[in-house]
Each structure stands twice: as structure tokens, then as C-alpha cells.
Amino acid sequence: MVQEENAAQTFEKSAYNEKSRKLIKLVNQLRDAGAQFQLELPCMVVCGNQSAGKSSLLERLCGVRLPRAAGTCTKCPTEVRLSTAPPTVPGASWYCQIKLRREYSKDNKQLETAPKELAFKALNQDQKDQLHHYIAAAQRALLNPDTPLDIFVQYADSAAGAAAAAAVDADSNGAAAESGLAGSSSGSGSKAAGLAAAVPADQLQFTRNVVVLEITGADVDLALIDLPGIIQTEQADYGSNVELVQQLVRHYISSKRAIIVATITCRDDIDNQLVVQLAREEDREGRRTIGVLTKADQIEACTHDTWLPVLQGESYPLRLGYYVVVNPSQKDINNNMSAAEAAAKEAHFFATDAFFSSDPRVSRTVRDRFGVGALRQQLSRQLVALTQRELPGMKHALEQGLAQVNSQLQALPPPPSSDCSLELFRRLRGLSESVRDAVCLHDVEELLLQLTARLVQQHFGQFAPAEAYFRDLLYEVLQGLVEDTKQRLEHLMAMEHEETWTQNGHYYTDSMQRFLDMLTKRMYGSSSSSSAFGSIDNHDAGVSQALTLLGISKEDLELLRAKKKQKTEGVEGLLKLLAGTLAYFKVASKRVIDGVPLHLKHFLLARYCKELDELLVKRAAADSAAVNADCATADGAQANGAAAEAGQALRQQQQPTAEQLMSEDASTAELRVQLKQQLEQLHNVRRILERF
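Conventions used here
Residues numbered from 1 in each chain as written. Predicted model: local features only at pLDDT ≥ 70, side-chain atom pairs only at ≥ 80, totals over all residues. Heavy atoms only, no water. Axes fitted to C-alpha atoms, helices over the stretch in contact; angles between N-to-C directions. Helix = DSSP H or I, 4+ residues; strand = E, 2+ residues; numbered from the N terminus. Parallel < 35°, antiparallel > 145°, perpendicular 65-115°, else oblique. Left-handed = near helix turned anticlockwise from the far one by under 90°. Contact = heavy atoms within 4.5 Å. Core = buried A, V, L, I, M, F, W, Y, C linked by side-chain atoms within 4.5 Å. Buried < 20%, exposed > 50% of the residue type's maximum accessible area, 1.4 Å probe, protein only. Expected span 1.5 Å × (residues − 1). Lys, Arg positive; Asp, Glu negative; His and termini not counted. Salt bridge = Lys/Arg side-chain N within 4 Å of Asp/Glu carboxyl O. Polar contact = N/O pair within 3.5 Å; in protein donor to acceptor, adjacent residues only side chain to side chain. Pairing = 2+ DSSP bridges. Phe/Tyr/Trp six-rings, centres within 6.5 Å; stacked < 30°, edge-to-face > 60°. Lys NZ or Arg CZ within 6 Å of the ring centre and 35° of its normal. Nonpolar A, V, L, I, M, F, W, Y, C, P; charged D, E, K, R; others polar.

1. Observations regarding the packing of helix H13 (residues 372–411) against helix H24 (residues 666–691)
Part 1 of the reasoning: Where H13 contacts H24, the two axes come as close as 10 Å, and the packing angle between them is 155 degrees. Considering their axes alone, H13 and H24 lie roughly antiparallel with respect to each other. Like other packed secondary-structure pairs, H13 and H24 cross with a definite hand, here left-handed. Residue-level inspection shows Leu391, Lys395, Leu398, Glu399, Gly401, Leu402, Val405, Asn406, Gln408 and Leu409 of H13 in contact with H24, the latter providing Arg672, Leu675, Lys676, Gln678, Leu679, Leu682, His683, Val685, Arg686 and Leu689.

This is the structure we're talking about:
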């Protein structure tokens, strides 16, 4: 029965480990694909004040050696991706790829495009002890963005080789030797010294850009982000970087998908440590913060009681609790204490220290949180649980990001053709057709100018040189047509001011008779109380208007009405005169009503469209001639230098070329490239999530 339970536990543990490995591998793959630029990814953020023992803690959590020589403190974020999966490199049992990810410019402004991770160096198990040289070199490479990477890689190679040689000498002499990028030992050799001269002084003191360590064959599945130590006070060496580091820490720990690993030294009062304040500001309820108390072996005598409320969750309570660790001393580090030796020393301390081992106030739950091993397991569990919990939300956010980027891409004009002449011809034809479809008889000068500007922008808006060129050119054409049409209309109206004339005699006679009948009826017909002027006005507003234009007033018609019983020959003659005048006014008005729009349509609108078509043909011919001129000039350059120069001068007069006109606005082209890169990156992320 016991064997069955043990087998079940072993199977359950194995299944959990496999699940953990897959989930953490998923997070590492997403980061490798750059998903952190579109999504908030689950992560463990290790932060703490300077000299809080954070580097020693990271070394033991990750099983790697970090830079410790003078001047090599953490000055940029370091992302560590640990996987227990065996390396894919043949013959390697442990493998580390060091990469650089530049997310910010030299002045710490975030780049608009998601950067790719640049390979810096790859190491196997035989070079594991020299890893710290390459981490320091990678950090220096980020601090010096204007210096080629090769210089730092070569210097790290030299320093690592010198350190290995020094270690051999030290073994034979019984003494230890330490070598680093910033402070190499006397055994570093002349080659390292020569390369040191090529390494410049750091351009930056701190940077937001990231060193990435991707390790397979590790002891644990875990992903950590190590941040520079928080500077408590303004120091001359750091200046304004105090605020920069604090902003960097806030940026990482503010994410709701980040578990804050707050490193707190027991050598200082917890109230005085800025990391505690920052963590509480970003995680007010203490739901996603793990407290790690370092240097527990250096607590002053009789002061353990100040830490007991913290351990028991009574003071500064955290839902994930506090863990206590003991890291190697500086002497241990100088003596190259191994990870196994460090773990044994830590276990011995917790087993023998009076407070931590036997104080009855320290509960079993608290004791289960002693040591780096317990912390490592908790971090792995929390990262796995966080990833599993946030996976649906990440998928939803990914689809939203894809939709947004697709929408932005669709809002951009289509990319230009590689054949500038063909693209120019196609867009000119489209402009011509748009103008032909849009113009109508109500369009006159101002409206036609507005229409031209709008349609030119519609067809050439993404090509600023072409838009300005063709808008100005069409404005010039349009102004000429407007002036010509105005002159023709003035001539048309001038003819109406000359002697009366019409070829439409039948229409004139019929109109005159109708007006005469109407006037006679109003003059001698019914005795309506309405005035003659009012009756006519109600019958035909056009007649009233015409009489007024002729100078015949309401009073004049009233006098005629008073004499309506006296049907004399003079009155009848006057009525005929009025009827004839009204009839001619009607004939002439009809002529003008038709003539003016016809002039606008023929001499302005139709000719404008025709000019566009001719411009289209001329442009195509000009491009063809330019190609032929180039060929002729190339041939002539060999036979006749003077002719070649003349051909060159001729081409300069035929500006602008299709290539010049069809140069797309740089900001639009850059935005399209950025969006396509984002889209490709998001699709890569989706494929990773779909495979999980």
C-alpha cells in the first residue's frame, strides 16, 4: 500500500514537473518571440536595495556565477530563462546562450519597433565557470551602444582564457585568482591588456536594455528578471540615475502579471529599505510579493525579535510570505565556494542557530521557508500557477492586438508599386475618371478648385511631391479655362444687349399671343377686386418680374384698368407692345438659361477633363522619352562626351521624374513597416500559444 502511494506521488510529481516545464517553456518562448512588447507576460522580478545580497541570491537560484569584480554591479536588467530540458547542442549537458535586447535608445527613449534579440555568446558546461566574464561583457556592450559588439566578446574571451590559466597557476601554487572585465588580475596577460585599451569608458552608467541568459540543462524550470540595485541616496557616482533605476523598478513591478521578489537585508531595519516601499505602492494588498530576507546570519544579537513579526506575517504582511536565506560570505566567494557547499553551510546555520532552529515562537510553516531550495520551489510553483491563470487573458489580449494592428494597416494607403511610371499612370487615370464622374453643372470655379484638391489628395495623398505637383499644375490649367470661359460668357451676354433677334419665330409668336390674351382678359375681363398687377403677379411671377424690369409700375396698370371700358386702338397697341416684350424676354431667357450652362459644360468642365486625359498621355510619353534618353545618353557618353552632357542637361529640364513624384511619405512607409513587423510578431506569438 505504501509502495502504491509512493508510486502515485512519484507519478503526480512527474506529471506536475512536466506541466511546469511546458508552462515555463511557453513563457520563455513568448519572451524570445518579443511578446512582451504587445502583452504583459508572467514574470518573476527580483529587486532590492544595493548591497542587499541580491546577486548572491541570484547565483544560487540560477546556479550560475555573476560578475563580482569591482565596477561590475548590475547596471541593466538581466533576464534569466532556466529550463531543465536537455540542450539541443550535441555533447552538451548544460548550455547558455547570451543575448542582447535593445529596447531603448541611448537617451532611454523606448524604440517604436520591437527589437530582435542579438546573439552575443554561447557557452557549454566546460565554460560555465567563466560565464560571469561574458555577462559583464554583455552588460558593458549595452552601456556602450556606439562600440561594436565584437570588441566586448573578444575581451571577454581573453579575460576568460586568462582566468582559466590563472586558475591552473593558482591550483599549482595553492592560491586563488580572480579576473573580471572591469578589474582583471595580474594573470590576465598582455593580450587582455591590449584589448582593454580598445574598450572605451562607459557611455552610460545604467540602461534599460536587457541582457538575456537562456540556459538549458538547468536544475529548475524558472524565469527571472534581475534589476539593478535600488540606490537609496543620491551619490556622486550615479547622479540622476537614482531616479532612472527607481523608474525602471517601478516599470517592471507595476505589471499585474509580475511576482515581485523583494530582497530585504537583515542588516538594516525593514522600514528603511526603499524596495519595501516601492513594492507596497505597486502591490498594496501584498498579493503578488514574496519577501526574501537575506544575510540572516548577520542579524545582531538580541535583535531577532524585530524580525519575528515579519516572519509571522504580522508586520508588512504578504500573502506569499517571507523566505529566509543565508548566502556565502565574501571570504567564501573568494575561496570559490561551490553551490553544494553553500547549500550545506546554509542548512547548517538554520539547524544550529538558536533563534531559527529552536525558538518556539517560530512556527513549522515559517521554518519550511528557510533556505534557497525552498524559495526556488516556491518561485517555480508561483510562476507556473500565474502562467496557467493568465493564459486565457493573454490569448484574448493577443487577438485584440492583432485586430488593432490589422485595422491600422487597413487605414494606410496601399504600398506603392515598384514601377513608378506605371503607378503614376494608374493614379493619373484614376484621378481623371474621378474628376469626370464628380463634375456637374453646379460646379464653378471655387467648387472646382475644392474638388480638384480633394481628388488629387485622394489619389496622390501618400506621395507628397506628386500631390503638390499635380495640384499646382491642375490649378494652373483650371485658372486658364476659367478665364477663357468667362470671356465667352461675357460675349454671350453682350450679344443679348444688341438688337432683338431670334430664329425661333414660331415660339415667339405663340408666346406673344398667350401674353396678349392674358393681358386683354385682365384688362377687360372680370371685375376682380385684385389689382391687375396682383392678378398678373399671381398668375405668373415671371410676368410680374418682366414688367417691373420694363419700368411698368403697379400704378401704370391701375390707370389702364380704369380705362378698361374704353377699348381704344391706342390701348390695344400698348397691350401688344407689352405682350411682345414679355414674349421676347421669355425667348431670350430660355436662350441664356441653356447657353450659360452649355458654355460651362463645354468650355470649362469638358475641356478640364480633356486636359487631364492629355496630361495622362503626356506623362506617359515623357516617362518613355526619359528612358530612351537615358539609353541614348549612355551610348552617347562613350562616343561623344559633349552630346552626353547635352542629354544630361535635357533630362534635368524634364523634371520631375516619376521616381521623384512617386516617393512615398517617409513617415507612412515607416509606419507600414512597423505595423507589418508587429503583425508578424503577433502571428508568431499566436502560433506559440496555439501549440501549447
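So, next bit.
2. Side note on the nonpolar core
Part 1 of the reasoning: If you look at the biggest cluster of nonpolar residues, it comprises 52 residues, and the most contacted ones within it are Ile98, Phe120, Leu224, Leu375 and Leu379.
Part 2 of the reasoning: Here Leu375 is in contact with Leu57, Leu61, Ile290, Val292, Tyr323 and Val325, once residues within four sequence places are set aside.
Part 3 of the reasoning: Grouped together as the second largest cluster of nonpolar side chains are 46 residues, Phe206, Val210, Ile231 and Cys266 included.

3. A few points about H24
Part 1 of the reasoning: Taking 1.5 Å per residue as the helical rise, H24 with its 26 residues ought to reach 38 Å, and the 38 Å between its terminal C-alpha atoms agrees with that figure.
Part 2 of the reasoning: What H24 keeps buried is the set Thr668, Arg672, Gln674, Leu675, Gln678, Leu679, Gln681, Leu682, Val685, Ile688 and Leu689.

4. Description of unusual backbone geometry
Part 1 of the reasoning: Here the phi dihedral of Ser51 falls at roughly 65 degrees; this positive angle occurs in a residue that is not glycine.
Part 2 of the reasoning: Within the secondary structure layout, Ser51 lies in the loop between strand E1 (43–48) and helix H2 (54–62).
Part 3 of the reasoning: Phi is positive for Lys295, which is not a glycine, with a value near 60 degrees.
Part 4 of the reasoning: By the secondary structure assignment, Lys295 is in the loop between strand E8 (289–294) and helix H8 (308–311).
Part 5 of the reasoning: By relative accessible area, which is 18% here, Lys295 ends up buried.

5. Details of the side chain of Arg208
Part 1 of the reasoning: Residue placement: Arg208 occurs in the loop between helix H5 (189–198) and strand E5 (210–216).
Part 2 of the reasoning: Although Arg208 is buried, it forms no salt bridge, and the closest oppositely charged side chain is Glu103 at an N-O distance of 8.1 Å.
Part 3 of the reasoning: One polar contact links Arg208 to Gln247, side chain to side chain, over a distance of 3.4 Å.
Part 4 of the reasoning: Beyond its immediate chain neighbours, meaning those up to four positions away, Arg208 contacts Pro77, Tyr104, Asn108, Gln247 and Leu248.

6. A few points about the pattern of salt bridges
Where charged atoms from two side chains of opposite charge approach closely, those side chains can pair.
Part 1 of the reasoning: One pass over the full model with this rule turns up 24 salt bridges.
Part 2 of the reasoning: Measuring nitrogen to oxygen at the nearest pair gives 2.6 Å for the salt bridge that ties Arg250 to Glu281. Separated by 31 residues along the polypeptide, Arg250 in helix H6 (residues 241–253) and Glu281 in helix H7 (residues 274–282) bring together distant segments of the chain.
Part 3 of the reasoning: We classify Glu281 as partly exposed; its relative accessible area is 28%.
Part 4 of the reasoning: A salt bridge links Arg257 to Glu390, with the nearest nitrogen and oxygen atoms 2.8 Å apart. With Arg257 in the loop between H6 and strand E7 (258–265) and Glu390 in helix H13, this pair connects stretches of sequence that are 133 residues apart.
Part 5 of the reasoning: Relative accessible area serves as the criterion here: at 13%, Arg257 is assigned to the buried category.

7. A short note on helix H3 (residues 131–143)
Part 1 of the reasoning: Between its first and last C-alpha, H3 extends 19 Å over 13 residues, near the 18 Å set by a 1.5 Å rise per residue.
Part 2 of the reasoning: In terms of burial, H3 is largely enclosed, as 13 of its 13 residues are buried.

8. A few points about the sheet that holds E5
Part 1 of the reasoning: Within the open sheet, the 9 strands sit side by side as E4-E3-E5-E2-E6-E1-E7-E8-E9. Their pairing is mixed. Two strands lie at the open edges of the sheet, namely strand E4 (118–124) and strand E9 (322–324), each paired on one side alone. Taking each pair of neighbouring strands and ignoring which way they run, the sheet shows an average axis angle of 20 degrees.
Part 2 of the reasoning: Each of E1, E5, strand E6 (222–226) and E7 touches H6; the most contacted strand, E1, lies at about 150 degrees to it.

9. Quick word on the packing of aromatic side chains
Part 1 of the reasoning: Within the structure shown, the criterion is met by 6 aromatic pairs.
Part 2 of the reasoning: A centroid spacing of 5.3 Å and a plane angle of 70 degrees characterise the contact between Phe349 and Phe350, whose relative ring orientation is edge-to-face. Of the two residues examined, Phe349 and Phe350, each falls in the buried class.
Part 3 of the reasoning: Aromatic side chains Phe350 and Phe370 sit 4.8 Å apart centroid to centroid with 15 degrees between the ring planes, which places their arrangement in the stacked category. Taken as a pair, Phe350 in helix H10 (residues 339–352) and Phe370 in the loop between helix H12 (364–367) and H13 lie far apart in primary sequence, 20 residues in all.
Part 4 of the reasoning: Phe370 gets classed as buried once you look at its relative accessible area, which sits at 12%.
Part 5 of the reasoning: By the ring-pair criterion, three or more aromatic residues cluster together here, those being Phe349, Phe350, Phe355, Phe356 and Phe370.
Part 6 of the reasoning: Over the face of the ring belonging to Tyr104 we find Arg208, whose NZ or CZ atom lies 5.4 Å from the ring centre.

10. As for the packing of H6 against H7
The geometry of a pair of packed helices is captured by two quantities: the angle between their axes and the separation between those axes.
Part 1 of the reasoning: Viewed as axis vectors pointing N to C, H6 and H7 meet at an angle of 40 degrees, and their least axial separation amounts to 10 Å. Between H6 and H7, the angle falls in the class oblique. By crossing handedness, the relation of H6 to H7 is classed as right-handed. Here H6 contributes Gln246, Val249, Arg250 and Ile253 to the contact with H7, which in turn contributes Leu274, Leu278, Ala279, Glu281 and Glu282.
Part 2 of the reasoning: Its residues assigned to classes, the contact of H6 with H7 comprises 5 nonpolar, 1 polar and 3 charged.

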